[in-house]
Amino acid sequence: MREKPRLALVVAAALLMLAACATATPGGGAAELTVWIMGDSSARFERLVEPFTDRTGIAVDAVAIPWDTVDQKFTTAVASGQGPDLLQIGLSKLPAFAASGALLTLDERTLKSHPGLAAANFLDGIATSATGGARVSVPWVSDTRVLFYRSDLLAAAGLTRPPATWDELRTHARTLAGQGGGRYGFHVPQWDNTLPVIMTWAQGGTIVGADGTIDFDTPAFQRAVDLYTGLYADRSVPPDADFDQVQGFVSGTSPMLVSGPYLAGAISEAAPQLAGKWSVAPIPGGAARTSLLAGSNLGIWGTTDNRDGALQLLAYLAQPRTQLTWYELDAQLPVSRAALADPELTSEPLVSVYAEQLRDAEPLPPVPNWDGETGKALLDALNSIVLTAANRDTALRGLYAATTGTPAT
């Protein structure tokens, strides 16, 4: 989709930036830091930190932690007291991780030698604090949701532009699915508990009541349920829970879907021949066009044997140049204000859409164990309706009973 700068130049620039803030490893000898990286990005992360190791002599061992084992891995580490030196923390998990007491408090005294870690350097809305107001993490990458669409297939169906509203998306999806051949118009990942929330925001609502607790029992959420279930009733989305969204998009089976910027790299890698035949647009709207503000932070294990080295690595990873390099390597958006404003990034057509959407994005409410409790209850209710023909009112009453009153602030 674009011409990438030569990695050698990027690495050289990162080395120059690192030289300004790095200090010698305590004791003057070599050391090693273990970093838990979620998903499958550990090899690319080790490439990212090569300049850091070259400059400081501190080796970095990046350990890949599958997303579906994150909670178990963290719980075991807390119980044993044996955690990594640094770890990546999805924002939805930050409240629970912070409440464990396992993370180092990043107070003013701790960060006095690392001004680059000041909260003001990062995008508004990204969580840097946790329960009780104690800051225990630093933003690492930002994420939002946009609409991916196959412009070639939309044009072939007589659709001249991507849908701007959810009503238009539903109409577009019916048109695309109506062409037959086993095709659908849109993909709803049955594991994505953020999409129904985005749909609720589009209806002008929220899932947090005036008392600061979760409340799905609202007219706006009811309209979001109508939209979610209506896409299935239209036969516009695949009912298969194992449906591969990348392959579905590449093959044209599902020519529209909502996902994060990371999907762009997966599409380009899987089907370079589709260059110029797909694009992205802001999230469809209604009363609002607000999308999800997500991402990951980095925290330091409270009992690390190399606190100084861990802080040095944290400072290196927060540098704008490092974050731009990470986007080159892993297609994850920076969270540094300076990096997000860098022309190297903003000149990209896709990134300009991501940046536009980030200006109208909200994080999920800071509910402890969102994925395992509130978000799970939400998906269980909706998927029971669309996949097993459960009674709508009964399913929603079960959702309300399971979630109402859950603290969300």
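Residues numbered from 1 in each chain as written. Predicted model: local features only at pLDDT ≥ 70, side-chain atom pairs only at ≥ 80, totals over all residues. Heavy atoms only, no water.

1. Describing helix α11 (residues 262-270)
Turning to α11, its buried residues are Leu 263, Ala 264 and Ile 267. Take α11 and look down its axis: the buried residues cluster within an arc of 105°, on one side only. Of the surrounding secondary structure, the elements contacted by the buried residues of α11 are β5 (146-149), α10 (245-251), β6 (256-259) and α16 (349-358). (Buried < 20%, exposed > 50% of the residue type's maximum accessible area, 1.4 Å probe, protein only. Helix = DSSP H or I, 4+ residues; strand = E, 2+ residues; numbered from the N terminus. Arc of directions from axis to C-beta. Contact = heavy atoms within 4.5 Å.)

2. A word on the nonpolar core
With 61 residues, the main nonpolar core has Phe 45, Phe 148, Trp 278, Leu 313, Leu 317 and Tyr 354 as its most contacted residues. Considering every element that reaches this core, the biggest residue donor is helix α12 (residues 307-318), with eight residues. Sequence-distant contacts of Leu 317, defined by excluding residues within four places in its chain, comprise Phe 45, Leu 48, Val 49, Trp 140, Leu 298, Thr 322 and Gln 323. In this structure, Val 367, Trp 370, Ala 395 and Leu 396 belong to the second largest nonpolar core, which totals 49 residues. (Core = buried A, V, L, I, M, F, W, Y, C linked by side-chain atoms within 4.5 Å.)

3. Things to note about the sheet that holds β5
Consider a sheet: its strands pair through backbone hydrogen bonds, and that pairing is either parallel or antiparallel. Pairing is antiparallel across the open sheet formed by three strands, whose spatial order is β6-β5-β7. Edge positions in the open sheet fall to β6 and β7 (279-281), since each of these has one partner strand only. Across this sheet, the average inter-strand angle for adjacent strands is 30°, counted without regard to direction. Bridging between β5 and β7 involves three bridges; their strand directions are antiparallel. (Pairing = 2+ DSSP bridges. Axes fitted to C-alpha atoms, helices over the stretch in contact; angles between N-to-C directions.)

4. A word on the side chain of Asp 85
Take Asp 85: it is sitting in the loop between α4 (70-80) and β3 (86-90). Despite being buried, Asp 85 has no salt bridge partner; Arg 307 is the closest side chain of opposite charge, sitting 9.9 Å away. A distance of 2.8 Å separates a polar side-chain atom of Asp 85 from the backbone nitrogen of Thr 34. Those residues in contact with Asp 85, other than ones at most four positions away along the chain, are Glu 32, Leu 33, Thr 34, Gly 299, Ile 300, Trp 301, Thr 304, Asp 305 and Asn 306. (Lys, Arg positive; Asp, Glu negative; His and termini not counted. Salt bridge = Lys/Arg side-chain N within 4 Å of Asp/Glu carboxyl O. Polar contact = N/O pair within 3.5 Å; in protein donor to acceptor, adjacent residues only side chain to side chain.)

5. Overview of the environment of Val 197
Structurally, Val 197 can be placed in helix α8 (residues 195-202). Taking the C-alpha atoms as reference points, Val 197 and Leu 106, 91 residues apart in sequence, are found 31 Å from one another.

6. Section: unusual backbone geometry
Although it is not a glycine, Arg 235 adopts a positive phi angle of roughly 60°. Along the polypeptide, Arg 235 turns up in the loop between α9 (219-233) and α10. Non-glycine residue Ala 331 carries a positive phi angle of around 60°. As for its placement among the helices and strands, Ala 331 is situated in the loop between α13 (320-330) and α14 (337-340). Assessed through its relative accessible area of 19%, Ala 331 is described here as buried.

7. With respect to the packing of α8 against α9
Relative to each other, α8 and α9 sit at 125°, their axes nearing to 8 Å. The angle between α8 and α9 places the two elements in the oblique class. For the crossing formed where α8 meets α9, the hand is right-handed. When α8 is examined against α9, the residues Pro 196, Met 199 and Thr 200 are found in contact with a partner set consisting of Ala 220, Phe 221, Ala 224, Leu 227, Tyr 228 and Leu 231. Class assignment for the residues of the contact of α8 with α9 results in eight nonpolar, one polar and no charged. (Parallel < 35°, antiparallel > 145°, perpendicular 65-115°, else oblique. Left-handed = near helix turned anticlockwise from the far one by under 90°. Nonpolar A, V, L, I, M, F, W, Y, C, P; charged D, E, K, R; others polar.)

8. Section: α16
Turning to α16, its buried residues number three or more, namely Leu 350, Val 351, Val 353, Tyr 354, Gln 357 and Leu 358. Considered in projection along α16, the buried side chains sweep an arc of 155° and stay on one side of the axis.

9. Some words on the packing of helix α7 (residues 166-177) against α9
Axis separation between α7 and α9 bottoms out at 10 Å; the angle between their running directions is 5°. Our classification of the angle between α7 and α9 gives roughly parallel. Residue-level inspection shows Trp 166, Leu 169, Arg 170 and Ala 173 of α7 in contact with α9, the latter providing Asp 226, Leu 227, Gly 230 and Leu 231. Its residues assigned to classes, the contact of α7 with α9 comprises five nonpolar, one polar and two charged.

10. Examining the pairing of strand β4 (residues 138-144)
Burial analysis of β4 places seven of its seven residues in the buried class, the great majority of the element. Note: β4 against strand β8 (residues 291-300), six bridges, orientation antiparallel. Within β8, the residue paired with Pro 139 across the bridge is Asn 297.

11. Quick notes on the confidence of the model for the chain
Per-residue confidence for the chain gives a mean pLDDT of 90, with 91% of residues at or over 70. Contacts for the low-pLDDT stretch residues 1-29, under 50 throughout, to residues beyond four places or in other chains number 43 contacts. (pLDDT = per-residue confidence, 0-100.)

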